[in-house]
Amino acid sequence: MSATATIKKVSEIYKAPAPHMVGDGFSVQNVFPNGNRLGRRISPFFLLDYAAPAYFPPGNKPRGVDEHPHRGFETVSIVYQGALEHRDSAGNFGKLHAGDVQWMTAASGIVHEEKHEQEFTKRGGTLEIAQLWVNLPKAYKMTAPRYQELLKEQIPVVPVGSNSHVRVIAGTFNGQQGPAHTFTPLNLWDVKLAAGDTVTLHLPDGFNTGIVTLHGEVNYNNTHTAGSVEIAMFDTAGETITVTAIADATLLVLNGQPIDEPIFAYGPFLMNTQQEIMQAIDDYNAGKMGHL
Ligand code: MN
């Protein structure tokens, strides 16, 4: 950082729409792309669903989403409260608890199910999660699937302000590197900011940046205020963002080098052309992405 570091200015602030159900287990607000058409301005990120805290009574059958495919990108699931259970056609099985993150690279194709964890289902409780879709460059869309389970203990917690912290899931914050392996340069940070605390974020010039206020209220660069559930979009130019919490806040910082390639999206597939989407549908129907 040099004395000439410039401010990344807020361009717009968008509110997330009302929630809708995904399967029978997740009531999510689609922050983008359908909730807000941010398009290329948020590349390499393509989709963000946020399931605000919701109570589920004790039950027998785990709620969630039954088996379905993905191709051409990565799904990143962040558990804030409650617990999830995952199973996929590559043989991966995982239980995710509060603080854990699952980074699943679908790439050439995977079939998975996403459910509430069994013990959580029996006990009942509050679930809060976010799921982010990270696009892959054309060169990696048809490579082998990969699965990274990033447990709470592996994610560095960097104290900031007087009573706040930044958890570095991917990328680097103040010299601390996150555990996620990514295909393109990006930063993904889970920030808890106590009312009155300020943090200055140093981010690469030329990268796209969106910051989502999951809870609370913050001020950016002394120019704009955002509440829950709102995403602040920033100019690609500039290197610093100053965030001050007006009320206790939980933020998700998305920052990455744009992937400058065509996008063709259809349901659970994210490719470069319509032809590749048709191929993905054919391959899934032919069982080439596997089964559970
Ligand atoms: Mn899925």
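Each remark here, short or long, concerns the structure printed above.
These figures come from a predicted structure and were not determined experimentally.

Trainee: Would you mind going over the side chain of Glu113 with me for this structure?
Mentor: Among the structural elements, Glu113 can be located in strand β10 (residues 110–116). Overall, the relative accessible area of 17% leaves Glu113 in the buried class.

Trainee: Any chance you could explain the coordination of the manganese ion here in plain terms?
Mentor: Around a metal, the ideal angle is 109.5 degrees if four donors adopt a tetrahedral arrangement and 90 or 180 degrees if six donors adopt an octahedral arrangement. The protein atoms that coordinate the manganese ion are His68 (NE2), His70 (NE2), His112 (NE2) and Glu114 (OE), at distances of 2.1 to 2.3 Å. Spacing between the donor residues of the manganese ion along the chain follows H-x1-H-x41-H-x1-E. Pair noted here: His68 is in strand β5 (residues 64–70) and Glu114 is in strand β10, with a separation of 46 residues, a long-range link. Each member of the pair, His68 as well as Glu114, carries the same accessibility label: buried.

Trainee: Would you mind showing me how to read the nonpolar core here?
Mentor: Among soluble globular proteins, nonpolar side chains are generally buried collectively. Counting residues in each nonpolar core, the largest one holds 30 residues, and the members touching the most others are Val31, Phe32, Ile78, Trp103, Leu132 and Leu188. When near neighbours in sequence (up to four residues on either side) are disregarded, Leu132 contacts Phe32, Phe45, Leu47, Leu48, Glu74, Thr75, Val76, Leu188 and Leu254. Core analysis: the next-biggest nonpolar cluster, separate from the first, contains 24 residues, Val191, Val199, Leu203 and Ala245 among them.

Trainee: What's the story with the environment of Glu217 in this structure? I'm lost.
Mentor: Turning to its location among the elements, Glu217 is positioned in strand β19 (residues 208–220). With 29 residues separating them in the primary sequence, Glu217 and Ile246 have C-alpha atoms 5.4 Å apart. With residues near it in sequence (within four places) discarded, Glu217 still touches Thr225, Ala226, Gly227, Thr244, Ala245, Ile246, Ala247, Asp248 and Ala249.

Trainee: Help me understand the environment of Arg41 in this model?
Mentor: Mapped onto the elements of the fold, Arg41 is located in the loop between β3 (26–32) and β4 (45–56). Taking the C-alpha atoms as reference, Arg41 lies 32 Å from Asp24; in sequence the two are 17 residues apart. Each residue touching Arg41, except ones within four places of it in the same chain, is listed here: Ser11, Glu12, Tyr14, Asn208 and Met233. At a separation of 2.4 Å, a polar atom in the side chain of Arg41 contacts the side chain of Glu12.

Trainee: Whenever I open this one, the packing of aromatic side chains confuses me. Can you help?
Mentor: The relation between two aromatic rings is expressed through the spacing of the ring centres and the mutual angle of the planes. All chains considered together, the criterion is met by 4 aromatic pairs. Aromatic pair Tyr220 and Phe234: ring centres 5.3 Å apart, planes at 90°, arrangement edge-to-face. Here the residue Tyr220 occupies a position in strand β19, and Phe234 occupies one in strand β21 (residues 230–234), the gap between them amounting to 14 residues. In this structure Phe234 comes out as buried when scored by relative accessible area, which is 5%.

Trainee: Looking at this structure, how should I read the pairing of strand β22 (residues 240–256)?
Mentor: Regular strands show a simple pattern: their side chains alternate between the two faces of the sheet. Among the 17 residues that make up β22, 12 are buried, leaving the element largely enclosed by the rest of the structure. Across 8 bridges, strand β17 (residues 186–193) lies against β22 in antiparallel orientation. Pairing of Val191 across the sheet is with Leu251, part of β22. As judged from the 5 bridges shared by strand β18 (residues 198–202) and β22, these two strands associate in the antiparallel manner. When the sheet's bridge partners are listed, Leu201 is paired in β22 with Ile241. Note that β19 and β22 share 11 bridges and pair antiparallel. Among the inter-strand pairings, Ile211 is bridged to a residue of β22, identified as Val253.

Rules used throughout
- Residues numbered from 1 in each chain as written.
- Predicted model: local features only at pLDDT ≥ 70, side-chain atom pairs only at ≥ 80, totals over all residues.
- Heavy atoms only, no water.
- Helix = DSSP H or I, 4+ residues; strand = E, 2+ residues; numbered from the N terminus.
- Buried < 20%, exposed > 50% of the residue type's maximum accessible area, 1.4 Å probe, protein only.
- Donors = N, O, S within 2.8 Å, 3.2 Å for Na, K, Ca; no water.
- Core = buried A, V, L, I, M, F, W, Y, C linked by side-chain atoms within 4.5 Å.
- Contact = heavy atoms within 4.5 Å.
- Polar contact = N/O pair within 3.5 Å; in protein donor to acceptor, adjacent residues only side chain to side chain.
- Phe/Tyr/Trp six-rings, centres within 6.5 Å; stacked < 30°, edge-to-face > 60°.
- Pairing = 2+ DSSP bridges.

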